[in-house]
Structure formats: structure tokens, C-alpha cells
Amino acid sequence: MTRSDLNLPEDSFLCLFIFDAHSIIARKNPWAVIEAFQQAFNEQERQQAIRLVIKVSNLNAYPEDAKRLRAAVDAVNGILIDLHLTRGETNALLNSCDVYLSLHRSEGYGLTIAEAMYLAKPVIATAYSGNMDFMTTDNSFAVPYTLVELAEDYPPYGAGNVWAEPDITAAAEILQGVYDHPEEARLRGHRAAAHLREQYNPAKIGQQVKPRLERILRNQSELK
């Protein structure tokens, strides 16, 4: 599928972020993505040359956040996709972007980050949580952060717990650098794809899982 199939501008540099509103909007932190994008590029650049694309699922379940998000995306001339996409369309969307930006406050794994890296896209993401299992200084762009204590509940995250507050200014500078130095960004994306395909393919992971499963089965047999 092409950008045209997805109703995306053909000639723009596209910065993409994907998230599910059910996964706690405050945790996914689209507001930081929008602010970093706004800091990185001026209004003239955002008119056509450089566009922000945010794909969100289940936004209609959160009407106040939906209203705020639509207004924020509109303010930077961004593109908000809030409809269901098939797996193939989502893959095509990831493959259509020029950079993937995630300024999350915490992640379990960071699946969309990994998917973008697998497709050789330069990735900029908060240097915190599950995504740091596969992000390195050679294959991606890590955004510094400060750990902050939650002042209120974001179920299942309770007040008093901590998560990351990404440095938005640093993220904006990295994003601008990716745009200004496309060859360097492209090389890092290709290193990301090689790393993901070598270290996280089914056969490689299977070799790690198999001995553990065999041990569990042995222990179960011994208990009988």
C-alpha cells in the first residue's frame, strides 16, 4: 500500500506515533509528541514539508481527551487517524513514515517502536522501560528523561508510583537532527532492522524459550 492509499501526503516528511487510548493516554503521552514536533519545526515547515501523523484507537471512549487531542493536532497542522486499520494497513502506515516518535512515560514492551525499527525506520523514543531491551545508541535515538512521582491515580498506576517524564526539548532537537541529517538517520534505521531481525526472530527466541519450557515440564513430571 502507498501513502496515497492511506490518504497521506506524498511529498512530506512524515513523523508518526501510534497508540491505543485504552492503554492510558497519560502514559502514552501524545501531548509530548505534539509539543516536541511543534518545537522542532516552524509553522511554515509544518504546512507541507513536514507533517505529524498520530494514529489512535478507541479515542471515542474518552470524549474530553479526544477533544483536546484533535485541537492539539490541528494546531500543528497534523493528521489524526482515529479509525480502525487492518494489520496490513497498520504495517503500511509504519512503512510510510520517515521517523517514528514515542515520548511515552512507561512501556511494557514497546511493540510499535519495535515494529518501526524492524521496518528500518529511524526511531526516537523515551530511554525508559521495556523498549530499552532492544534500543541501543547504535540503532535508535534515545530521549533522556526524569523519573517523577504520580500525584494522582492513572489506573492501574496509583499515586506515589513513578514513571518517566521525557525531555521534550531534547526530543525536539533529535527530531530536527533526523530531518536535517537523513543519511545518518537512515543508517541507524537499517542497523535497527538488522538487530531486530537477528536477535528477535522466532528461531532465536525459540532457542531461549525451549529450555525453559522443558524444565517446567520436567518439574511437573517430578511432582506427579
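Scroll up for the structure.
Presented here is an overview of the structure given in this document.

Procedures and definitions
- Residues numbered from 1 in each chain as written.
- Predicted model: local features only at pLDDT ≥ 70, side-chain atom pairs only at ≥ 80, totals over all residues.
- Heavy atoms only, no water.
- Axes fitted to C-alpha atoms, helices over the stretch in contact; angles between N-to-C directions.
- Helix = DSSP H or I, 4+ residues; strand = E, 2+ residues; numbered from the N terminus.
- Parallel < 35°, antiparallel > 145°, perpendicular 65-115°, else oblique.
- Left-handed = near helix turned anticlockwise from the far one by under 90°.
- Contact = heavy atoms within 4.5 Å.
- Nonpolar A, V, L, I, M, F, W, Y, C, P; charged D, E, K, R; others polar.
- Core = buried A, V, L, I, M, F, W, Y, C linked by side-chain atoms within 4.5 Å.
- Buried < 20%, exposed > 50% of the residue type's maximum accessible area, 1.4 Å probe, protein only.
- Expected span 1.5 Å × (residues − 1).
- Arc of directions from axis to C-beta.
- Salt bridge = Lys/Arg side-chain N within 4 Å of Asp/Glu carboxyl O.

**What about the packing of helix α2 (residues 30–40) against helix α4 (residues 63–75)?**
Piece 1. Two elements in contact, α2 and α4, have axes whose closest approach is 10 Å; the angle formed by their N-to-C orientations is 15°. Comparing the axis directions of α2 and α4 gives the class roughly parallel. Considering only the axes of α2 and α4, their crossing is left-handed. Across from Pro30, Trp31 and Ile34 in α2, the residues of α4 making contact are Asp65, Arg68, Leu69, Ala72 and Val73.
Piece 2. Here the contact of α2 with α4 is built from residues that sort into 6 nonpolar, no polar and 2 charged.

**Points about the nonpolar core**
Piece 1. Leu93, Tyr100, Ile124 and Leu175 are the most contacted members of the largest nonpolar core, which totals 60 residues.
Piece 2. Apart from residues no more than four positions distant in its own chain, Ile124 is found in contact with Val99, Tyr100, Leu101, Ser102, Phe141, Val143, Ile174, Leu175 and Val178.

**Let's talk about helix α8 (residues 182–199)**
Piece 1. In a regular helix each residue adds 1.5 Å, so 18 residues correspond to 26 Å; α8 covers 26 Å between its end C-alpha atoms and thus fits that length.
Piece 2. Within α8, the full set of buried residues consists of Ala185, Arg188, Gly189, Ala192, Ala193 and Leu196. Along the axis of α8, the buried residues cluster in a sector spanning 145°; they form a single face. Turned more than 90 degrees off the buried face of α8, the exposed positions are Glu183 and Glu198.
Piece 3. Check the buried side of α8 and you find it contacts α6 (111–118), β6 (141–143) and α7 (168–180).

**Looking at the pattern of salt bridges**
Piece 1. Enumeration according to the criterion identifies 9 salt bridges in this entry.
Piece 2. A salt bridge links Arg27 to Glu107; the nearest nitrogen and oxygen atoms lie 3.7 Å apart. Placement of Arg27 in helix α1 (residues 25–28) and of Glu107 in the loop between β4 (99–102) and α6 is noted, with a sequence separation of 80 residues between them.
Piece 3. Its relative accessible area of 10% is what places Arg27 among the buried residues.
Piece 4. Here Glu183 makes a salt bridge to Arg186, at a shortest N to O gap of 2.3 Å. Of this pair, Glu183 and Arg186 both sit in helix α8, separated by 3 residues, roughly a single helical turn.
Piece 5. Each of Arg27, Lys28 and Glu107 takes part in one network of salt bridges that share partners.

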